[in-house]
Amino acid sequence: MQRFVHSKWRKTEAIKVNPAVREHIPDTRQLGKATLEAMLSEYGMVYVKPDKGTFGKGVIRVERENGGFKFQSGTTIRTFSTYDGLYDGLKRVTGGRQYLVQKGIHLLKYGGRRFDIRVMVQKSPAGRWESTAMVGRVAYPGKIVTNYHSGGTLKPVPTLLQAHMGESERAAFTGGLKRLGVSVARQLEAAYPGIKEVGIDIAVDRSHKSWILEVNTCPDPYIFRVLKDKDISRKVIRYAKAYGRIKSK
């Protein structure tokens, strides 16, 4: 049974079967010249990302701006006066690899920097799906991706949400993330019965709606060590050992 699924497109197609999950998935399509143009016309800002890739590598932010266009890859920003010029520039960056284009979500910010939330969902030793941990990821200044491996900073979720929500709203919101995480894992397991853990990257927009940016079937179990509550990271590691991701010493 397949345990790791690398294609973002295949994972998106699998989880959107569930209507309750689908409403949290931004419009995501396979990249093509007409598709990108249509989505830029509709949304104004989109993200172009490789179908297979990790750590936020290769992610490009594309926008309409002042009658022209621009895209940002890493910390490099390029501007174009025409759509044809933009697409030709993108093709030089993406090469012949398969890419997806996703509706852009304007993320909430912490200290002027965008952040998202990683939700860890694991099979318990008893075989039940459980949202075991979550941590916030704050983008490195000037970068569009939040990944820790791309210079992002890990922060407790309550710290990031404090400026945007009151205590009761934060509690309800994080509870909703946990339930969403379990729903995503169950739906993905229906298509790929071998999976044992899922790391879900969640964006929060200005209306406080949660959006599933990406689902990872081989998530880093160690990032939760930054949290003060060490019971959380110990539980993540204990579960990972139970299903064989981490070998017991």
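All figures in this text were calculated on a predicted structure; none of them were measured in a lab.

Participant: Sorry if this is basic, but what is going on with unusual backbone geometry here?
Facilitator: Phi is mostly negative for residues that are not glycine, and the peptide bonds are mostly trans. The phi torsion at Asn 66 lies on the positive side, around 50°, for a residue other than glycine. Among the secondary structure elements, Asn 66 is positioned in the loop between strand 3 (60-65) and strand 4 (68-73). Even without a glycine there, the phi angle at His 208 is positive, about 70°. Mapped onto the fold, His 208 is located in the loop between strand 11 (197-204) and strand 12 (210-216).

Participant: I'm lost on the nonpolar core in this one. Help?
Facilitator: Within soluble globular proteins, side chains that are nonpolar generally end up buried alongside one another. Of all hydrophobic cores here, the largest spans 32 residues; its most connected members are Ile 117, Ile 200 and Ile 212. For this core, the secondary-structure elements that each account for two or more residues are helix 1 (8-15), strand 8 (113-123), strand 9 (129-138), helix 5 (157-161), helix 6 (167-191), strand 11 and strand 12. Counting residues per element, this core draws most heavily on helix 6, at 7 residues. With residues near it in sequence (within four places) discarded, Ile 117 still touches Met 134, Val 135, Gly 136, Val 157, Phe 173, Leu 177, Ile 200, Asp 201, Ile 202 and Val 204. Counting 16 residues, the second largest nonpolar core, distinct from the first, contains Met 39, Val 48, Phe 69 and Leu 86.

Participant: I'm lost on the pattern of salt bridges in this one. Help?
Facilitator: Oppositely charged side chains are able to pair whenever their charged atoms sit close together. Counted by the stated rule, this structure contains 16 salt bridges. Between Arg 29 and Glu 42 there is a salt bridge whose closest N-O contact spans 3.7 Å. One end of the pair, Arg 29, is in strand 1 (residues 28-30); the other, Glu 42, is in helix 3 (residues 33-43), with 13 residues separating them in the sequence. Residue Arg 137 is joined to Asp 116 by a salt bridge in which the shortest nitrogen-to-oxygen separation is 3.0 Å. Of the two residues, Arg 137 sits in strand 9 while Asp 116 sits in strand 8, which places them 21 residues apart along the sequence. Residue classification places Arg 137 among the buried positions, given a relative accessible area of 6%. The exposure class of Asp 116 is buried, given its relative accessible area of 4%. Members of the salt-bridge network, linked through shared partners, are Arg 61, Glu 63, Glu 65 and Lys 70.

Participant: How do you make sense of the pairing of strand 5 (residues 76-80) when you look at a structure like this?
Facilitator: A regular strand carries its side chains on alternate faces of the sheet. One ladder, built from 5 bridges, connects strand 4 with strand 5; its direction is antiparallel. Looking at the pairing, Phe 71 lines up with Arg 78 of strand 5. Adjacent in sequence and paired antiparallel, strand 4 and strand 5 are bridged by 2 residues, among which Gly 74 carries a positive phi angle near 65°.

Participant: Even after reading the chapter, I still don't get the sheet that holds strand 1, so can you show me in this structure?
Facilitator: Each strand in a sheet pairs with another by means of backbone hydrogen bonds, the pair being arranged parallel or else antiparallel. In space, the 6 strands of this open sheet follow the order 1-6-2-3-4-5, with antiparallel pairing throughout. The sheet is open, and its two edges are formed by strand 1 and strand 5, each paired on a single side. Geometrically, the sheet is characterised by an average inter-axis angle of 25° between neighbouring strands, direction not taken into account. Contacts from helix 4 (residues 83-94) reach strand 3, strand 4, strand 5 and strand 6 (99-103), with the element oriented near 15° to strand 4.

Reading the values: the criteria
- Residues numbered from 1 in each chain as written.
- Predicted model: local features only at pLDDT ≥ 70, side-chain atom pairs only at ≥ 80, totals over all residues.
- Heavy atoms only, no water.
- Helix = DSSP H or I, 4+ residues; strand = E, 2+ residues; numbered from the N terminus.
- Core = buried A, V, L, I, M, F, W, Y, C linked by side-chain atoms within 4.5 Å.
- Buried < 20%, exposed > 50% of the residue type's maximum accessible area, 1.4 Å probe, protein only.
- Contact = heavy atoms within 4.5 Å.
- Salt bridge = Lys/Arg side-chain N within 4 Å of Asp/Glu carboxyl O.
- Pairing = 2+ DSSP bridges.
- Axes fitted to C-alpha atoms, helices over the stretch in contact; angles between N-to-C directions.

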